[in-house]
Amino acid sequence: MHKDLSTYLRKKSLNLGISPMDENSINKKIKLTFSDIDLTKQLFGEHNHNLQKIAEAVGITIHARGSTVIIQGDSIATNLAKNILNQLYGLLKEKLPVYPSDIDYAVRALCSDDNIKLKDIFLDKVFIASKKRFITPKNRSQKEYIDAIRNYDMVFGIGPAGTGKTYLAMAMAVSALSKKQINRIILTRPAVEAGETLGFLPGDLTEKIDPYLRPLYDALHDMMRFEKVSNLMHQGVIEVAPLAFMRGRTLNDAFIILDEAQNTTSEQMKMFLTRIGFNSKTVITGDITQTDLPVNKSSGLIETKNILQGIDGIEFVFFSKTDVVRHKLVQKIINAYEELEASKKNNTINPI
């Protein structure tokens with residue numbers, strides 16, 4: 001059963017005034033028939049794999065025959081499964097493929113709010129110049145993030161690893177460049193050592209810094225052909241550089257992404273934020289729970305979160321662990337570390 005489901009069922013039961021022991025609440029059967037045979041095959045998945053995923057996630061049983069399914073179980077959960085299937089079928093009718101990973105995203109989204117329209121999320125396309133043609137958000141937070149980047153000159157994306165903060169910002173930058181909305185893309189990161197020593201790495205300064213910028217290159221190459229990226233970098237249209245190289249510059253007609261911003265100091269963050277020029281857009285991403293700064297240094301990202309919210313033209317979008325779109329183990333790992341941190345705090349407050 002999906003982790004968010006128990007919370008969803010509890011809330012819905014309270015709203016509907018249904019007792020968990022009510023026989024009607026735990027025994028309901030729904031028959032659902034889909035009209036398009038080809039789309040139904042895609043919806044059900046190979047060997048009905050998608051139906052199995054939904055059944056396991058929602059905690060009910062689903063039996064299929066032809067283009068008809070019988071959903072049986074808790075009344076609230078069966079209605080949720082019906083909603084998921086109908087909305088995924090609607091996506092297929094819009095010619096958007098549904099992958100097994102999309103099942104998880106759909107369950108999370110509709111468990112958080114069953115009034116959500118998956119079309120509003122999945123059909124929002126960020127067009128990029130690549131073989132993928134477009135990238136779509138996978139949950140409501142990603143949709144809000146994309147909308148914020150469209151509508152604000154400065155956007156902060158704050159949340160755990162795997163929520164798509166950097167990847168979506170990169171997609172929006174590539175899209176803006178391909179549409180000639182900006183003249184260049186500038187990608188930057190603070191070169192802060194995460195348990196390793198920069199000075200002992202082999203090579204010159206560029207070769208030492210390159211590993212810190214590699215995740216930005218990876219995202220970029222995922223969206224554009226390698227030859228095109230190399231050509232644009234040679235022309236100066238795309239620049240990937242450590243944060244220290246931003247000092248003293250004014251960045252006009254640019255899409256600027258500051259990644260891993262939790263590792264900026266207060267001084268570095270102020271320096272970076274004041275670089276933005278005319279017709280420029282800035283996206284700052286980071287995870288305030290994974291700061292690699294020395295103990296005596298405070299995070300510039302945490303500081304901006306406290307002092308810049310509410311300023312017109314600046315938008316903050318916060319992601320949570322439920323927004324993780326990487327391998328499902330990533331979310332489990334985040335949960336495990338959160339429990340560890342909570343345990344440490346409790347031991348500090350109440351020593352044994």
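Quick caveat, the model's predicted, so the values are computed rather than measured.

S.K.: Any chance you could explain the pairing of strand β2 (residues 61–65) here in plain terms?
M.R.: Consecutive side chains along a regular strand alternate between the two faces of the sheet. The pairing of β2 with strand β3 (residues 68–73) spans five bridges and is antiparallel. Across the sheet, residue Thr 61 finds its bridge partner in β3, namely Gln 72. Taken together, β2 and the strand that follows it, β3, pair antiparallel across an intervening segment of two residues, in which Gly 66 is found at a positive phi of about 65 degrees.

S.K.: Sorry, what's going on with the packing of helix α7 (residues 140–151) against helix α8 (residues 165–178) here?
M.R.: The packing of two helices is summarised by the inter-axis angle and the distance between the axes. Running from N to C, α7 and α8 cross one another at 40 degrees; their axes reach a closest spacing of 11 Å. Comparing their axes, α8 and α7 come out oblique. The crossing of α7 and α8 is right-handed. Across the interface between the two elements, Gln 142, Tyr 145, Ile 146, Ile 149 and Arg 150 of α7 pack against Lys 165, Leu 168, Ala 169 and Met 172 of α8. Its residues assigned to classes, the contact of α7 with α8 comprises six nonpolar, one polar and two charged.

S.K.: How do you make sense of the packing of aromatic side chains when you look at a structure like this?
M.R.: Two aromatic rings are characterised by how far apart their centres lie and by the angle between their planes. Under the criterion given, the structure shown has five aromatic pairs. Where Phe 34 meets Tyr 89, the ring centres are 4.8 Å apart and the plane angle is 45 degrees; that geometry is what we call tilted. Highlighted residues: Phe 34 in the loop between β1 (28–33) and α2 (37–44) and Tyr 89 in helix α4 (residues 75–93), separated in sequence by 55 residues. A residue is classified by how much of its surface remains accessible, and Tyr 89, at 8% relative accessible area, is buried. Where Tyr 145 meets Phe 319, the ring centres are 5.2 Å apart and the plane angle is 80 degrees; that geometry is what we call edge-to-face. One end of the pair, Tyr 145, is in helix α7; the other, Phe 319, is in the loop between β11 (314–318) and α13 (328–349), with 174 residues separating them in the sequence. Considered together, Tyr 145 and Phe 319 belong to a single accessibility category, that of buried residues.

S.K.: Would you mind showing me how to read the pairing of β3 here?
M.R.: By the bridge criterion, six bridges tie β1 to β3 in an arrangement that is antiparallel. Looking at the pairing, Lys 31 lines up with Ile 70 of β3.

S.K.: Help me out: how do you make sense of the nonpolar core in this one?
M.R.: One recurring pattern in soluble globular proteins: nonpolar side chains tend to sit buried together. If you look at the biggest cluster of nonpolar residues, it comprises 37 residues, and the most contacted ones within it are Ile 54, Val 69, Ile 71, Ile 84, Leu 85, Leu 88 and Leu 118. The biggest single contributor to this core is α4, with nine residues. Residues Ala 171, Ala 176, Phe 255 and Val 283 belong to the second largest nonpolar core, which totals 36 residues.

S.K.: Would you mind showing me how to read the side chain of Thr 68 here?
M.R.: Following the sequence through the fold, Thr 68 ends up in strand β3. Of the residues examined, Thr 68 reaches a relative accessible area of 18% and is grouped as buried. Of note is the side chain of Thr 68, whose polar atom sits 2.9 Å from the side chain of Thr 33.

S.K.: Would you mind going over the pattern of salt bridges with me for this structure?
M.R.: Should their charged atoms come close, side chains of opposite charge can pair. Within this structure, the stated rule accounts for nine salt bridges. In this structure, the salt-bridge partner of Lys 119 is Glu 94, at a minimum N-O distance of 3.5 Å. Of this pair, Lys 119 sits in helix α6 (residues 118–122) while Glu 94 sits in the loop between α4 and α5 (100–112), and the two are 25 residues apart along the sequence. The salt bridge partner of Arg 150 is Asp 147, with a shortest N-O separation of 3.1 Å. Here the residue Arg 150 and the residue Asp 147 both occupy positions in helix α7, the gap between them amounting to three residues, near one helical turn. Judged by its relative accessible area of 26%, Asp 147 falls in the partly exposed class. Within the structure, one salt-bridge network assembled from shared partners comprises Lys 143, Asp 147 and Arg 150.

S.K.: How should I be thinking about the sheet that holds strand β8 (residues 238–242) in this particular structure?
M.R.: Strand pairing in a sheet is mediated by backbone hydrogen bonds. Such pairs are either parallel or antiparallel. Sheet architecture is open: six strands sit in the order β8-β7-β9-β10-β6-β11, paired in parallel fashion. The sheet terminates laterally at β8 and β11, the two strands that pair on one side only. Each neighbouring strand pair of the sheet contributes to a mean axis angle of 15 degrees, computed without reference to strand direction. Inspection of the sheet shows strand β6 (residues 154–158) paired to strand β10 (residues 281–286) by five bridges, in the parallel sense. From the neighbouring strand, Gly 157 faces β10, where its bridge partner is Thr 285. Packing against the sheet, α8 makes contact with β6, β7 (184–189), β9 (254–258) and β10, and its axis sits at approximately 170 degrees to β9.

Rules used in this analysis
- Residues numbered from 1 in each chain as written.
- Predicted model: local features only at pLDDT ≥ 70, side-chain atom pairs only at ≥ 80, totals over all residues.
- Heavy atoms only, no water.
- Pairing = 2+ DSSP bridges.
- Helix = DSSP H or I, 4+ residues; strand = E, 2+ residues; numbered from the N terminus.
- Axes fitted to C-alpha atoms, helices over the stretch in contact; angles between N-to-C directions.
- Parallel < 35°, antiparallel > 145°, perpendicular 65-115°, else oblique.
- Left-handed = near helix turned anticlockwise from the far one by under 90°.
- Contact = heavy atoms within 4.5 Å.
- Nonpolar A, V, L, I, M, F, W, Y, C, P; charged D, E, K, R; others polar.
- Phe/Tyr/Trp six-rings, centres within 6.5 Å; stacked < 30°, edge-to-face > 60°.
- Buried < 20%, exposed > 50% of the residue type's maximum accessible area, 1.4 Å probe, protein only.
- Core = buried A, V, L, I, M, F, W, Y, C linked by side-chain atoms within 4.5 Å.
- Polar contact = N/O pair within 3.5 Å; in protein donor to acceptor, adjacent residues only side chain to side chain.
- Salt bridge = Lys/Arg side-chain N within 4 Å of Asp/Glu carboxyl O.

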